[in-house]
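Below are the chains, spelled out letter by letter.
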Amino acid sequence: MIDPVDPVLAPFHTLERFLTGLVHDLNNPLAGIIGYAQLARIEPDPDRQARFLDAIKAQADTIKESMADLVALASTAEPPTDLLDVSEIVSLSELRVTALAERLGAILTITVSDGLPPVPGDLDALSRALSKLIENALTAARAGSDTTSPAVDVTARDEGNFVVLAIRDNGPGFPAEMALRAFDPTATSRRRSRSGVGLGLPVAYAVALRHHGKVVIEPAEPGACVSLWLPMRSTV
């Protein structure tokens, strides 16, 4: 008889939970692709057929995004040392999340302090990390919007030797037990996918570590505040 709490088997149970969630995240868009492809094959109206093809592309983009998240999560490569303008990182992230904010009816406010120093790193990876944190905040804000409009506020400031990108939402906040496992890709909560993997926070955390930075869950009331800390290049 297999003991489900056997410490030897615990890593396999963790892997099983992760893979089960991953399969769920991939099966949903795959099912959509198959369904829309079948409809497109028999649809005589060119306009409706074009809409089905657009839906197929959207589902394929979802799978592509999931694969990019997995690569970002697993990568151990040292990032480039190109100096990046913080406003460029923020602008690219904003492009990634605007559609979600509009779909959720959320108010997204972004404020970047003047004169921030550049940070070294990979533009695509850092904008992905920031956008994942914003997406997570938007989803959480929507979940807590029974009596208030969902809102997310993004700010960028310098803090000692770091540039800090802080994302604050007015959602339900982090449960105490969740804060301890927020960066574990096998953990789920109302701030993460209930049935899938929910890689947003773990991806941001992995990218931050690769850039010698960190992701910090800060006290906030109401809602939550998660910040991405990126080190400035030393001038010494």
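Just so it is clear, the structure is predicted and the values come from calculations on it, not from any experiment.

Visitor: Where do I start with the packing of aromatic side chains in this structure?
Guide: To describe a pair of aromatic rings, one takes the distance between the centres and the angle between the planes. Overall, the coordinates contain two aromatic pairs when judged by the stated rule. Pairing Phe162 with Trp229 gives two aromatic rings, centres 5.7 Å apart and planes at 70°, and the pair type is edge-to-face. A residue pair is termed long-range when its members are at least 10 positions apart, and Phe162 in strand E5 (residues 162–169) and Trp229 in strand E7 (residues 224–231) qualify at 67 residues. Residue class for Phe162 comes out partly exposed when judged on its relative accessible area of 23%. With a relative accessible area of 14%, Trp229 lands in the buried category. A cation over an aromatic ring shows up here: Lys214 above the ring of Phe162, its NZ or CZ 5.6 Å from the ring centre. The ring of Trp229 has Lys214 lying over it, and the distance from NZ or CZ to the ring centre is 4.7 Å.

Visitor: Hey, could you run me through the confidence of the model for the protein in this one?
Guide: The predicted structure's coordinates, where accompanied by low pLDDT, should not be read in detail. Of all residues in the protein, 80% have pLDDT values of 70 or greater, and the mean over the chain is 82. When pLDDT is averaged over each helix and strand of the protein, the minimum, 66, is found for helix H5 (residues 176–179) and the maximum, 95, for E5. Per-residue pLDDT stays below 50 along residues 189–197; that stretch engages in 36 contacts with residues further than four places along the chain or on separate chains.

Visitor: Honestly, unusual backbone geometry in this entry has me stumped. Any pointers?
Guide: Note on backbone geometry: most residues besides glycine have negative phi, and most peptide bonds are trans. The backbone of His212 sits at a positive phi, close to 60°, despite the residue not being glycine. Here His212 shows up in the loop between helix H6 (200–210) and strand E6 (214–218). Overall, His212 belongs to the exposed group, its relative accessible area being 54%.

Visitor: Just to check I follow, could you spell out the side chain of Glu43 for this structure?
Guide: Among the secondary structure elements, Glu43 is positioned in the loop between helix H1 (10–42) and helix H2 (46–74). There is a polar contact of 2.9 Å between the side chain of Glu43 and the backbone nitrogen of Asp45.

Visitor: How should I be thinking about the sheet that holds E7 in this particular structure?
Guide: Note: strands within a sheet are paired through backbone hydrogen bonds, in either parallel or antiparallel orientation. Strands sit in the order E2-E4-E5-E7-E6 across an open sheet of five strands; the sheet is mixed. Either end of the sheet is taken by a strand with one partner, and the two such strands are strand E2 (107–112) and E6. Ignoring strand direction, the axes of neighbouring strands in this sheet form an average angle of 15°. In this sheet, E7 lies alongside E6 in antiparallel orientation, the contact comprising five bridges. Note that in E7 the partner of Glu218 across the bridge is Cys225. Contacts from helix H3 (residues 86–104) reach E2, strand E4 (151–159) and E5 within the one sheet, and its direction differs from that of E2 by about 180°.

Rules and cut-offs
Residues numbered from 1 in each chain as written. Predicted model: local features only at pLDDT ≥ 70, side-chain atom pairs only at ≥ 80, totals over all residues. Heavy atoms only, no water. Phe/Tyr/Trp six-rings, centres within 6.5 Å; stacked < 30°, edge-to-face > 60°. Helix = DSSP H or I, 4+ residues; strand = E, 2+ residues; numbered from the N terminus. Buried < 20%, exposed > 50% of the residue type's maximum accessible area, 1.4 Å probe, protein only. Lys NZ or Arg CZ within 6 Å of the ring centre and 35° of its normal. pLDDT = per-residue confidence, 0-100. Contact = heavy atoms within 4.5 Å. Polar contact = N/O pair within 3.5 Å; in protein donor to acceptor, adjacent residues only side chain to side chain. Pairing = 2+ DSSP bridges. Axes fitted to C-alpha atoms, helices over the stretch in contact; angles between N-to-C directions.

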